[in-house]
Amino acid sequence: MATFFGEVLSVYSRAVEEDDYDDAEEENEEDLQIRREIEEKREVHIKWCPEVSKAVESSEKLQCSDLIIAVGPNAAGFVSAYVLSSEGWTQVGWVSLWNERSRGSTRLDTTPLPGEPGCVFYQQKSCPSVLICQCTCYIAEDQLFQWAEKVLGSMQSRGLSVTVLSDSPLAEYKTPHYVNGNAAPFLRALKTSTFTDNLHCPLLEQPNIITGLPAAVLNQCQVQHVPAVLFQCFSDVIHPDSVTMETYKPTLSCLRTQVKLDTSPNMEILQKLTRVNDAHGNLYT
């Protein structure tokens, strides 16, 4: 600002008193403190069972050859009914986090309760280097990079291969041709540059993109030069569905380490998963 006498003045140096400066600094400090508390509250934590924790502490990194991440109700349901239903798996850890839609996962020292949304790790007994992560909770945008960085950062990247199974609504699939609803569900794949194994479904066509946790994991694998592949299942059913779950069956053949796939799914688990859909699908219940 310039006066009539040519003197150049700072706009706020004359208009604002010194007390106002102190108030502004105090407000800034309060804002920073609040921001720090929010960041701490939204931090992503990984907890391992004592046996795995000792192995991680001794070698600094967890030795893992194959990591399977199932994101969404149908992907997680497929893993439950077709893989984890056998006695060859044991729960070894979980990811705890808090956000506006995942308030029940704040307990750092206790695993998520049965039926509660969460991210749980399972280890194959016959081959401890094979891990499965079931992710059924919501992960906010500001927590996606944290999740991918901390989970993959806790594992030895050399010799690691990552497979991601993910649900996606059919309405989000972009194509110049009409897609008949009878064609769904179907799979599309997206891989990192270091993944060289054969795929059993077409690659995801442009201009389709992936978002959320699958995108964060695939991006982190690309940066770390870890072979990774994403299998995205497009379905017109948004709730757990046995037909959609079965679509994932060819995906496990891409694993270097053979994971036992039950030829017939556990019907008790399937009924439990799909019962929720039946209960909420009736307008009069």
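Residues numbered from 1 in each chain as written. Predicted model: local features only at pLDDT ≥ 70, side-chain atom pairs only at ≥ 80, totals over all residues. Heavy atoms only, no water.

Tallying secondary structure elements over the protein chain gives eight helices and eight strands in all. Taking all 285 residues of the protein chain together, the buried fraction comes to 41%. Considering only intrachain contacts with a sequence separation of at least 6, the fraction spanning at least 24 residues in the protein chain is 76%. About 16600 Å² of surface is accessible on the protein chain, with carbon and sulfur atoms providing 52% of the total. (Helix = DSSP H or I, 4+ residues; strand = E, 2+ residues; numbered from the N terminus. Buried < 20%, exposed > 50% of the residue type's maximum accessible area, 1.4 Å probe, protein only. Contact = heavy atoms within 4.5 Å. Areas by Shrake-Rupley, 256 points an atom, 1.4 Å probe, with all protein chains shown as cover.)

Counted under the stated rule, the structure contains four salt bridges. Residue aspartate 142 is joined to arginine 42 by a salt bridge in which the shortest nitrogen-to-oxygen separation is 2.7 Å. Of the two residues, aspartate 142 sits in helix H5 (residues 141-153) while arginine 42 sits in the loop between helix H2 (18-41) and strand S1 (45-48), which places them 100 residues apart along the sequence. Using a relative accessible area of 43% as the deciding quantity, one classes aspartate 142 as partly exposed. In this structure arginine 42 comes out as buried when scored by relative accessible area, which is 10%. Close ionic contact of glutamate 43 with lysine 150 constitutes a salt bridge, the shortest N to O distance being 3.1 Å. Linking glutamate 43 in the loop between H2 and S1 with lysine 150 in helix H5, this pair joins segments that are 107 residues apart in sequence. (Salt bridge = Lys/Arg side-chain N within 4 Å of Asp/Glu carboxyl O.)

Right, let's talk about the packing of aromatic side chains for a bit. In total, this model carries six aromatic pairs according to the counting rule given. Between tryptophan 48 and phenylalanine 121 the ring centres are 4.9 Å apart and the planes differ by 45°, which places this aromatic pair in the tilted class. Here phenylalanine 121 lies in strand S4 (residues 119-124) and tryptophan 48 lies in strand S1, a separation of 73 residues in the sequence. Just as tryptophan 48 is buried, phenylalanine 121 falls in that class too. (Phe/Tyr/Trp six-rings, centres within 6.5 Å; stacked < 30°, edge-to-face > 60°.)

Okay, the packing of H5 against helix H6 (residues 212-224) next. The N-to-C vectors of H5 and H6 enclose an angle of 50°; their axes lie 9 Å apart at closest approach. By the angle between their directions, the pair H5 and H6 is classed as oblique. In this structure, H5 meets H6 at a crossing whose hand is right-handed. Contacts from Leu144, Phe145, Trp147, Ala148, Glu149 and Leu152 in H5 reach Gly212, Leu213, Ala216, Val217, Gln220, Cys221 and Gln224 in H6. When grouped by side-chain class, the residues that make up the contact of H5 with H6 number nine nonpolar, three polar and one charged. (Axes fitted to C-alpha atoms, helices over the stretch in contact; angles between N-to-C directions. Parallel < 35°, antiparallel > 145°, perpendicular 65-115°, else oblique. Left-handed = near helix turned anticlockwise from the far one by under 90°. Nonpolar A, V, L, I, M, F, W, Y, C, P; charged D, E, K, R; others polar.)

Next up on the list: the sheet that holds strand S7 (residues 186-191). Taken in spatial order, the eight strands line up as S1-S3-S4-S5-S2-S6-S8-S7 in an open sheet, and their pairing is mixed. At either end of the open sheet lies a strand with only one pairing partner, and these are S1 and S7. Across the sheet, the axes of successive neighbouring strands diverge by a mean angle of 20°, strand direction being ignored. In the packing of helix H4 (residues 73-82) onto the sheet, contacts are made with strand S2 (66-71), strand S5 (130-135) and strand S6 (161-169), and the angle to S6 comes to roughly 130°. (Pairing = 2+ DSSP bridges.)

With that settled, the discussion passes to the pairing of S5. Most of S5 is tucked away, with six of its six residues classed as buried. Covered by surrounding structure in S5 are Val130, Ile132 and Gln134 together with Leu131, Cys133 and Cys135, the residues of both alternating faces. Sheet topology places S2 next to S5; six bridges connect them, and they run parallel. The residue of S5 that forms the bridge with alanine 70 is glutamine 134.

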